[in-house]
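Examining the three-dimensional arrangement
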Amino acid sequence: MASFGTWTSCRGLLRLLILGAIAHLTRALYEDQIGTFDWRQHYIGRAKHGSFDSSSLDRIIIATESNVLAAISAKTGDILWRQVLEKSPRGDIKMLHVPSLTNGIQFGGSRSNRAFDIITVTGVSPALIRGWNPNTGTLEWEWSLVPTSLEKAEHSFWFLEDSLLYNVVPVWGSHLEVTEYQASSGQQPKQTTSRISAAWIKPERCIMSSSFFVCTIDRQLLALDLTAENPQVTMRDLDIPASNSPMPVVGDASIIQDSKLYSLTSDRKLDLASDDSVLVDDTIIEGEQVLLRASLQRESNILKLSANRLKDNSSFEPIEFNSDYPDTLGSPKVLSVRCKTSNSGRTQGQLACRLLISSTDGAISLIQQGKIKWTREEALAEIETADFLDLTLSDAEGAIEEELNNKNDDSSLEWDVVGAFQRRITNQIAHLKNLILHVLGLGPAPSKAQRAGLVRDDFGLHKMLVAVTSSGKVFGIDNVSGKHHWIRYIPQLVGFNNGQGMKLLVQRTSRFYPLSAQCIILGRHRDTKNGLMYQFNPITGQPINGGLIELPYKVRQISLLHETGPDFIRGLLVLDQQSEAHVYPESAAKFANNFYLFSADREKAIIDGFVVEYSNGRLSTTPTWSVNLSGAERGQQIVAIESKNPIEHVHSQGRVLSDRSVLYKYINPNLIAVATHGPDNIHKYILNVHLVDVVSGSIVFSMSHKRIRPPLHMIHSENWLVYSYYNDKVRRTEITSVELYEGKTQTNGTAWSSLDAPPLPLVERQSYIMPVAVASMKETITEKGITNKHVLIGLTTGTVAEMSWAFLDPRRPVTSPEKAREEGIIPYMPELPMPHEILFNYNQTVANIKGIHTAPSGLESTCLVLVHGLDIFVTRVAPSKTFDLLKEDFDYFLITVVLTLLTSTSYIVKHFASKKAIKQAWK
């Protein structure tokens, strides 16, 4: 009992210490500060299905590829409600049905409220059939279907006819299995599943169009009407052999195959352009079907909408129009149309139509009366990479910077006091002249960037956020207001095929006045799969030197060079598939001499090292080392590679211990962390983490985790490594932290050489339990590295936790807390605390967090943060509080009064002291 009481008191003391540490690190947010330093933008993703809601004039129902069901306003494009469904494949939306008032579905023989519910089918095993309230987006009813064979169900189709929901499961090369269900209850009117013989069906050649199962094989089109009592195969000849899978036509039993429209109920055939989008609607003219065709003329950026009656193919001119179509939008796809007759004004009796369009870049637009009314940039729901860029200087700061540049360019003999005085007077006169002309309204017009407010502030908090999306769309966003200053669409640019997205590299920042900033985006060409680069100015969005550069080879590895020329451009080193090096621009090739880089094969888990040399005007690449991390059975694959942030600074090279000695950090700038994962005969699967020096190829440290599954998230900074994973044995998320130290003596405190590296480091490691699953992780970064490092942990709940390194410190002791107290280390406790105070996005949750990006600001205490997923959240954090900035409630009046009184008192005291000195002198 005594030991139990001692243990209880120790646990109580431990909790008090942790609570004290949390209280010390607590940061509060007042209600009036919400939205002052942060902003959030909601998105729904690329549209997959869309329709106007007939029960409301101001509602559009959309299902997206991001597994989102949403209603948006037809007037403004704002989100009315949004339901984020499960992640893929469980949340994949297979079917969306939006009922109309004219043909409400009959449930149980009579009309009911369920007749106007939105119906979705998601997932495969199980398939979830749900009914949603169109007004509020709440779930009204739900039932599930578990397939007997998962392999066959993955290719199943769904369609709704009257009140029946049909599930079509193709058995390739054999037959179709068709099952009918009541849409709202899941009951089967027929107790058996119909089997329809169809030996001609093939994978990737068949689709559903209305109630028809259609396949295009060679020169034949074969179709089955699955709602007929005795389904018969309908055959038609194609003009040319089918090159791909057919596409269904919304609103009609028709398909599009190789730019031709084929009707499944008649002999109708129509020629189309390759980018034409077709939709059939029966509500524009009562009792008739009208075919709408949207054609894009990219040369003149004109979108042409033509309409034809299907019964006689005659033109229907009242709804035809030509609309301006910006070059920032991709090829259009018509999702839905709604027309009504105007009852007022000059347009009385005329048709007024709204057209809902989704483009290949992911944007959703509404065209009304031939003009684009609004556009939603849904490409931002799929951000691949981003960065914060410094803005340009103002005219006054630019003049000072130019003066300093002239001073540095002049020789020491020419730069004397008289010359400096003359330059200063000249600049002051020019500033005064510009001020007078500006007051009189005669001054030079401000630049475009200045008119938009894109001028660097005193603290470097106002920056340009450049975001690159998976569709090839690039955005320039104001990180303070969230405004989109410029947009560029590059349809040929896609990410790499090994799971790596496009890369955004900064070749020159705005600090080198008067030279403009320059960035480069590297990816693949959509058709040739070769490398493709895009150079641009990140502040204005304008392309540089034509913008696009097509590379005649496939890219294996890239890296920015460390040295720059007189134009301050950092060259881009590209390694192709033949291990040959290339530098862009070519004038920077000389800076690639003796440059080390590596390349990794994820599937084979092999890492190769190279050295690039420059001699006689040519670049040569020499393999230096190779490491195979696939294990003894060659089953391991690389799941993550993490290197250190190239712009980070290490302020402190050691750590003071309780005995006042220094434990020096193992700071190797050439160190990368490599994680491999694979099956194991005993432990099912194993996660291995290796620290590899990419210059020498030596493995500095390795450790293994048994029965671990992805997702894996990793951070590598300074002398520490943090990574999260799912422990399948105890079914929880865990975080492991690793710290490397040289010891109490430092080998070389000035320069690091991997070829003459010190002995293997001392390793401290510890694991912790996370109460919530992790979606992404990133460390904070500041200008000089003086501020404490915090780890930003994006959670699957949509919140982001700012975890202090004190909780993740691997040196937290299990025993002997006295020595740890001297160093300010918290005693070890396996569970990581998750108080609400460390969730810096409070109630501004970000759905489906995919990544976190951090960047330093002009203030050493402040770090800029971007959290992106389905939504975007931008804010700033201060890990060590704003020690270099006055508080908002700072009492300026009081300090002014105190300083005035002190100054006045000093002069009065000085006066009396001088009088006293004079009197004493006369004595």
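Calculation rules
- Residues numbered from 1 in each chain as written.
- Predicted model: local features only at pLDDT ≥ 70, side-chain atom pairs only at ≥ 80, totals over all residues.
- Heavy atoms only, no water.
- Helix = DSSP H or I, 4+ residues; strand = E, 2+ residues; numbered from the N terminus.
- Buried < 20%, exposed > 50% of the residue type's maximum accessible area, 1.4 Å probe, protein only.
- Lys, Arg positive; Asp, Glu negative; His and termini not counted.
- Salt bridge = Lys/Arg side-chain N within 4 Å of Asp/Glu carboxyl O.
- Contact = heavy atoms within 4.5 Å.
- Disulfide = S-S within 2.5 Å.
- Phe/Tyr/Trp six-rings, centres within 6.5 Å; stacked < 30°, edge-to-face > 60°.
- Core = buried A, V, L, I, M, F, W, Y, C linked by side-chain atoms within 4.5 Å.
- Expected span 1.5 Å × (residues − 1).
- Polar contact = N/O pair within 3.5 Å; in protein donor to acceptor, adjacent residues only side chain to side chain.
- Patch = residues over 30% accessible without salt bridge, like charges linked within 9 Å, V, L, I, M, F, W, Y side chains within 5 Å.
- Areas by Shrake-Rupley, 256 points an atom, 1.4 Å probe, with all protein chains shown as cover.

Section: the side chain of Arg508
Along the chain, Arg508 turns up in strand β35 (residues 503-508). Although buried, Arg508 forms no salt bridge, and the nearest oppositely charged side chain, Asp567, lies 5.1 Å from it. Contact partners of Arg508, with chain neighbours within four places excluded, come to Leu515, Ser516, Ala517, Gln518, Asp567, Phe568 and Ile569.

Description of the state of the cysteines
A full pass over the atoms with the stated rule returns two disulfides. Two residues, Cys206 and Cys215, share a disulfide whose sulfurs are 1.8 Å apart. One quick way to see it: the torsion about the S-S bond of Cys206 and Cys215 is about 105°, and its sign makes the bridge right-handed. The buried category is assigned to Cys215, whose relative accessible area is 0%. The side chain of Cys339 participates in a disulfide bridge whose partner is Cys353; the two sulfur atoms lie 1.9 Å from each other. In this structure the cystine formed by Cys339 and Cys353 twists about its S-S bond by roughly 110°; its chirality is therefore right-handed. One end of the pair, Cys339, is in strand β26 (residues 332-341); the other, Cys353, is in strand β27 (residues 351-359), and 14 residues separate them in sequence.

As for the packing of aromatic side chains
Here the structure, examined in full by the defined rule, presents eleven aromatic pairs. Ring geometry for Phe159 against Tyr166: centres 4.7 Å apart, planes inclined by 0°, an arrangement best described as stacked. Both residues of the pair, Phe159 and Tyr166, belong to the buried class. Every member of this aromatic cluster is reached through a ring pair, and the members are Trp486, Tyr534 and Phe536.

Side note on the environment of Gly531
As for its placement among the helices and strands, Gly531 is situated in strand β37 (residues 531-536). Here the alpha-carbon distance between Gly531 and Val574, two residues 43 residues apart in the chain, equals 9.6 Å. Every residue in contact with Gly531, bar those within four places of it in the chain, is listed here: Gly523, Ile549, Glu550, Leu551, Tyr553, Lys554 and Val555.

Observations concerning the nonpolar core
Counting 36 residues, the largest nonpolar core has Ile60, Ile62, Leu356, Leu380 and Ile872 as its most contacted members. What Ile62 contacts, discounting residues up to four positions off in sequence, is Ile44, Ala47, His49, Gly50, Val68, Leu69, Ala70, Ile72, Leu96, Leu356 and Ile364. Listed in part, the 24 residues of the second largest apolar core include Leu279, Ile284, Tyr325 and Cys339.

As for helix α8 (residues 892-922)
In this model, α8 (31 residues) spans 45 Å end to end at C-alpha, consistent with the 45 Å of a helix rising 1.5 Å per residue. Structurally, the start of α8 carries an N-cap: the backbone nitrogen of Phe893 is 3.4 Å from a side-chain oxygen of Asp891.

Details of a nonpolar patch on the surface
Together, Leu886, Phe890, Tyr892, Leu894, Ile895, Val898, Leu899 and Leu902 line one region of the surface with nonpolar side chains, adding up to about 740 Å² of accessible area. Mapping Leu886 onto the fold places it in the loop between β60 (872-877) and α8.

What about the environment of Asp78?
Here Asp78 is to be found in the loop between β4 (68-72) and β5 (79-84). Residue class for Asp78 comes out partly exposed when judged on its relative accessible area of 46%. Asp78 sits 112 residues away from Lys190 along the chain, and the two C-alpha atoms are 43 Å apart. In this structure Asp78 touches Ala71, Ile72, Ser73 and Arg376, once residues within four positions along its chain are discounted. Of note is the side chain of Asp78, whose polar atom sits 3.1 Å from the side chain of Thr76.

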